[in-house]
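The residues making up each chain are set out below.
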Amino acid sequence: MATTKELSVEDKLRAIYDLQIIDTRIDEIRNVRGELPLEVEDLEDEVTGLSTRLDKLKSDLVTIEEQIKTKKSAIEEHQAAIKKYTEQQKNVRNNREFNSLTKEVEFQELEIQLAEKQIKELKASIEHKKEVISSSKEKLDQKSAHLKHKKAELNDIMAETQKEENFLMEKSAEFEALIEERLLAAYKRIRSSVRNGLAVVSIERGASAGSFFTIPPQTQVEIAARKKIITDEHSGRILVDATLAEEEREKMQNLFAHL
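Residues numbered from 1 in each chain as written. Predicted model: local features only at pLDDT ≥ 70, side-chain atom pairs only at ≥ 80, totals over all residues. Heavy atoms only, no water.

A. Up close: helix α6 (residues 242-257). In this model α6 runs 22 Å from its N-terminal to its C-terminal C-alpha over 16 residues, within 8% of the 22 Å that 1.5 Å per residue would give. All of the buried residues in α6 are Leu244, Ala245, Glu248 and Met252. Angular distribution of buried residues about the axis of α6 spans 95°; they occupy a single face of the element. Looking at α6, the residues exposed on the side facing more than 90 degrees away from the buried face are Gln253 and Ala257. Here α6 starts with a cap whose side-chain oxygen sits 3.2 Å from the backbone nitrogen of Thr243, and that cap is Asp241. (Helix = DSSP H or I, 4+ residues; strand = E, 2+ residues; numbered from the N terminus. Expected span 1.5 Å × (residues − 1). Buried < 20%, exposed > 50% of the residue type's maximum accessible area, 1.4 Å probe, protein only. Arc of directions from axis to C-beta. Polar contact = N/O pair within 3.5 Å; in protein donor to acceptor, adjacent residues only side chain to side chain.)

Written as structure tokens, this is what we have:
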């Protein structure tokens with residue numbers, strides 16, 4: 001984004017260090033939330049999955065009960081057929097007709113036995129599904145309660161930090177607008193490649209903050225002069241002198257204090 005005037009190197013250093021302070025504070029706020037948003041999302045998916053499974057099991061129960069009704073109705077039809085064939089046997093004219101009707105009776109009896117066996121299996125399936133439904137409902141209740149607790153926890157944290165985070169995001173965008181595109185790109189690249197997100201650090205006891213590598217005295221003098229952008233040859237971080245860093249930290253603390 002274009003700026004109204006070209007900043008001096010010192011102003012660029014101050015702006016990018018201020019941006020680092022703001023972005024670090026945003027990181028801290030988000031770290032407080034930690035994995036909570038993902039936990040809530042995972043729990044929501046789990047609760048949805050359990051609810052869907054529970055609905056499917058209940059639907060299966062209805063289907064099985066309908067199958068049992070159908071089997072019982074079929075048994076009644078087979079019994080009626082047996083009664084009919086048995087009556088017909090009383091009026092047969094020869095053994096061939098009698099034997100034919102006997103076979104029909106035997107077939108209907110086999111159909112009844114098969115239907116009764118299937119009903120028994122379906123009833124066993126109902127009992128099993130009822131047990132699964134009971135355990136699934138218990139698990140769903142537990143997960144739902146856990147989800148409610150985690151949502152409340154997340155909402156509390158969001159309520160405490162959202163206003164500050166929104167303000168800081170606006171300030172971060174403002175400071176980004178002050179920094180030339182190439183320097184801002186370098187800052188973001190470094191931030192994304194280091195574990196703690198620190199792309200701009202100050203000199204502390206002759207070394208860049210968080211590093212054990214000593215910076216040569218001549219380089220320290222150049223950094224303190226604030227005439228050019230200097231990076232740490234070991235970590236690639238942008239370096240600022242301790243005095244500038246302290247001044248900007250105090251300025252930012254005053255800014256944060258008004259939140």
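What follows continues from the structure just given.
B. Representation of the UniProt feature "coiled-coil region" (unreviewed entry) in the chain in the model. When the UniProt feature table is mapped onto this chain numbering, "coiled-coil region" (unreviewed entry) sits at residues 40-171. End C-alpha atoms of residues 40-171 are separated by 29 Å, and the span's content is 96% helix alongside 0% strand. (UniProt positions renumbered as here; feature names shortened; annotations may be inferred.)

C. Structural detail: the pattern of salt bridges. Scanning the model with the defined rule gives 27 salt bridges in all. With its nearest N and O atoms 2.4 Å apart, the salt bridge here joins Glu248 to Arg14. In this pair, Glu248 sits in helix α6 while Arg14 sits in helix α1 (residues 9-33), placing the two residues 234 residues apart along the sequence. The shortest N-O distance in the salt bridge between Asp18 and Lys251 comes to 2.8 Å. Of the two residues, Asp18 is situated in helix α1 and Lys251 in helix α6; the sequence distance between them amounts to 233 residues. Looking at Asp18, the relative accessible area reads 1%, which means it is buried. We classify Lys251 as partly exposed; its relative accessible area is 39%. Among the charged side chains, a network of salt bridges with common partners joins Glu10, Arg14, Asp18, Arg226, Asp241, Glu247, Glu248 and Lys251. (Salt bridge = Lys/Arg side-chain N within 4 Å of Asp/Glu carboxyl O.)

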